[in-house]
Amino acid sequence: MSPEVLVLDASVGVKWLRREPGSDEARELLAQHAEGVVCVVVPVIFVHEVLDVTRRLYGVARACGLWERLEHDEITVVGLDSRLVRETLDMAEVLGCTFYDAAAPALATRVGAVLVSADRRAHGAVERVRLLGR
């Protein structure tokens, strides 16, 4: 049986860094990916956002360590192409959010996956969303 594919929004990756509602669940998703229970996929903007928050809060060394973990666990990072840019722009209009916030739901829609987010404001209206920190 193939693992469930989950597309993570950067709000989930930020929860890896702090102890707050939804953090344990966010960390568990990373562990489940490493075990092959789920397959975590992220848009490239996720990497930019999460690594920058890590760098600002905890320094370059911790940001590098997080990147090494993502590489080691073989998190799938999907870059932009013309089609995904258009889909993300369309999603931003539908959700009334920024391009950044629309990237993960657009990717989830493209690959037929569940979106995992901690951002109710931006993603609460997404059809297939699992919101952390309820």
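Residues numbered from 1 in each chain as written. Predicted model: local features only at pLDDT ≥ 70, side-chain atom pairs only at ≥ 80, totals over all residues. Heavy atoms only, no water.

**Considerations on the sheet that holds strand β3 (residues 76–78)**
Thinking step 1. With parallel pairing, 5 strands are arranged side by side in an open sheet as β3-β2-β1-β4-β5. Each of the sheet's edge strands pairs with one partner strand only, and the pair in question is β3 and β5 (129–131). The mean angle between the axes of side-by-side strands here comes to 30°, regardless of whether they run parallel or antiparallel.
Thinking step 2. The sheet contact formed by strand β2 (residues 38–43) and β3 spans 3 bridges and is parallel. Paired with P43 across the strands is V78, a residue of β3. (Pairing = 2+ DSSP bridges. Helix = DSSP H or I, 4+ residues; strand = E, 2+ residues; numbered from the N terminus. Axes fitted to C-alpha atoms, helices over the stretch in contact; angles between N-to-C directions.)

**Structural notes on the pairing of strand β1 (residues 4–8)**
Thinking step 1. By the bridge criterion, 4 bridges tie β1 to β2 in an arrangement that is parallel. Across the sheet, residue E4 finds its bridge partner in β2, namely V38.
Thinking step 2. Bridge count between β1 and strand β4 (residues 114–117): 3 bridges; the pairing is parallel. For L8, the partnering residue across the bridge sits in β4 and is V116.

**Observations concerning the side chain of S11**
Thinking step 1. Among the secondary structure elements, S11 is positioned in helix α1 (residues 10–15).
Thinking step 2. You can call S11 buried: its relative accessible area is 18%.
Thinking step 3. There is a polar contact of 3.4 Å between the side chain of S11 and the side chain of S117.
Thinking step 4. In contact with S11, not counting residues within four places along its chain, are S117, A118 and D119. (Buried < 20%, exposed > 50% of the residue type's maximum accessible area, 1.4 Å probe, protein only. Polar contact = N/O pair within 3.5 Å; in protein donor to acceptor, adjacent residues only side chain to side chain. Contact = heavy atoms within 4.5 Å.)

**Re the packing of helix α5 (residues 82–95) against helix α6 (residues 99–111)**
Thinking step 1. At their nearest, the axes of α5 and α6 sit 8 Å apart, and the two run at 115° to each other. Looking at the two axes, α5 sits roughly perpendicular to α6. At the point where α5 passes α6, the crossing takes the right-handed sense. For the pair α5 and α6, contact is made by R83, L84, V85, E87, T88, L89, M91, A92 and L95 and by F99, A102, A103, P105, A106, L107, T109 and R110, respectively. (Parallel < 35°, antiparallel > 145°, perpendicular 65-115°, else oblique. Left-handed = near helix turned anticlockwise from the far one by under 90°.)

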